[in-house]
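Working through the structure, step by step
Take a look at the letters that make up each chain.
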Amino acid sequence: MKSITSRDNAFYKDLVKLATSSQARRKAGRTLLDGVHLCQSWLDLRGAPAHCVVSDEALHNPEVADIVARLEGKHVHVTALPDALFKALSQVEHGVNLLFLVDTPQPAAPAAMTVSAVLLDGVQDPGNAGSILRSAAAAGITQVFCSPGTAFCWSPKVLRAAMGAHFVLEIFENVDLAALVRASKIAVLAMSGYAEQRLYDVDLRQPVGWLLGHEGQGVSDELMGLASHQVVIPHAGQVESLNVAAAAAVCFFEQLRQRQA
């Protein structure tokens, strides 16, 4: 195990950039997983990280000590930092001070959809994006396609909101969603508060693409025109519409319900 005590250390400076800059994460093709849950999930589902960073205090935590022991058996570099230096790397209050540095998966997107998938058209809030990924994984959906205007899925905020869902999904970013929809043979359902067709009246037993749009503007006009169906979730309350993450969960689990019926 290596210790770093200086803010001027080159590796530490790189970690600070990754922790604070989306541009740096995209350029490096790497990101940071923060906390025991995400790190444990990565280890169990994806294998060893590129590097592990831990605070001196966290080494006394039994869960952290167990993870570090597993990593040493895999010959992964572990670096310890004073608590004061670690604080600049973590956005989690009262966390356990454990980070994995991992290479961001960058799978090649298929030309067409053949299984149920999620299409995110400009969903910008990291919390919404992460919640959608978490619901998709829980409902058995395995592919997510993101437009260039969508939040970067491997940012710390999206990772925390998704709670490990990333590690069981194929996530494709900077995708031309219009070209994907045109090429795909499965139905594409666009969510719209102005649609007349109810979600519950659509046969969802076959694969579908779930098209979800920007928090304020919704799905773009071009993609709305390409969708096989425009559907609405009926509700009885006085609110105008559901949050996009809540709407996504309703959609995914209605499909799961129909498939299991």
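Before reading on, note that the structure itself is shown above.
Residues numbered from 1 in each chain as written. Predicted model: local features only at pLDDT ≥ 70, side-chain atom pairs only at ≥ 80, totals over all residues. Heavy atoms only, no water.

By the bridge criterion, three bridges tie strand 9 (residues 187-191) to strand 12 (residues 229-232) in an arrangement that is parallel. Bridge pairing links Met191 to Val231 in strand 12. Taken together, the two bridges between strand 10 (residues 197-198) and strand 12 define a ladder with parallel strand orientation. Note that in strand 12 the partner of Arg198 across the bridge is Val232. (Pairing = 2+ DSSP bridges. Helix = DSSP H or I, 4+ residues; strand = E, 2+ residues; numbered from the N terminus.)

Counting residues in each nonpolar core, the largest one holds 57 residues, and the members touching the most others are Phe100, Ile132, Trp210 and Phe252. The element that contributes the greatest number of residues to this core is helix 10 (residues 244-260), accounting for six residues. Residues contacting Trp210, with those up to four places away along its chain left out, are Ala117, Val118, Leu119, Ile141, Leu189, Met191, Leu199, Leu204, Cys251, Phe252 and Gln255. (Core = buried A, V, L, I, M, F, W, Y, C linked by side-chain atoms within 4.5 Å. Buried < 20%, exposed > 50% of the residue type's maximum accessible area, 1.4 Å probe, protein only. Contact = heavy atoms within 4.5 Å.)

What follows covers the sheet that holds strand 12. On the basis of which strands lie adjacent, the open sheet formed by seven strands has the order 8-7-6-11-9-12-10 and parallel pairing. Looking at strand neighbours, the two that pair on one side only are strand 8 (170-172) and strand 10, the edges of this open sheet. Contacting strand 6 (117-121), strand 7 (143-146), strand 8 and strand 11 (208-213), helix 6 (residues 126-138) runs over the sheet at an angle of about 170° to strand 6. Seen against the sheet, helix 10 touches strand 6, strand 9 and strand 11 and runs at an angle of roughly 170° to strand 11. (Axes fitted to C-alpha atoms, helices over the stretch in contact; angles between N-to-C directions.)

On to the side chain of Gln258, then. Its place among the elements puts Gln258 in helix 10. Overall, Gln258 belongs to the buried group, its relative accessible area being 11%. At a separation of 2.7 Å, a polar atom in the side chain of Gln258 contacts the main-chain amide nitrogen of Leu204. Among the polar contacts made by the side chain of Gln258, one reaches the side chain of Glu254 at a distance of 2.9 Å. When neighbours within four sequence positions are excluded, Gln258 is seen to be in contact with Tyr200, Val202, Asp203, Leu204 and Arg205. (Polar contact = N/O pair within 3.5 Å; in protein donor to acceptor, adjacent residues only side chain to side chain.)

In this section: the packing of aromatic side chains. Inspection of the entire model under this criterion finds four aromatic pairs. With a centroid separation of 5.2 Å and an interplanar angle of 90°, the aromatic rings of Trp42 and Phe167 are classed as edge-to-face. Remark: Phe167 occurs in the loop between helix 7 (156-162) and strand 8 and Trp42 occurs in helix 3 (residues 36-45); sequence separation between them is 125 residues. Residue class for Trp42 comes out buried when judged on its relative accessible area of 6%. A network of ring pairs unites the aromatic residues Trp42, Trp154 and Phe167 as a single cluster. (Phe/Tyr/Trp six-rings, centres within 6.5 Å; stacked < 30°, edge-to-face > 60°.)

What follows covers the sheet that holds strand 3 (residues 51-55). Strands sit in the order 1-4-3-5-2 across an open sheet of five strands; the sheet is mixed. Strand pairing shows two members of the sheet lacking a second neighbour, strand 1 (2-3) and strand 2 (30-34), which therefore form its edges. Note that strand 3 and strand 5 (residues 98-103) share four bridges and pair antiparallel. Following the sheet pairing, Cys52 is matched in strand 5 by Phe100. Along the sheet, helix 3 makes contact with strand 2 and strand 5, crossing strand 5 at roughly 40°.

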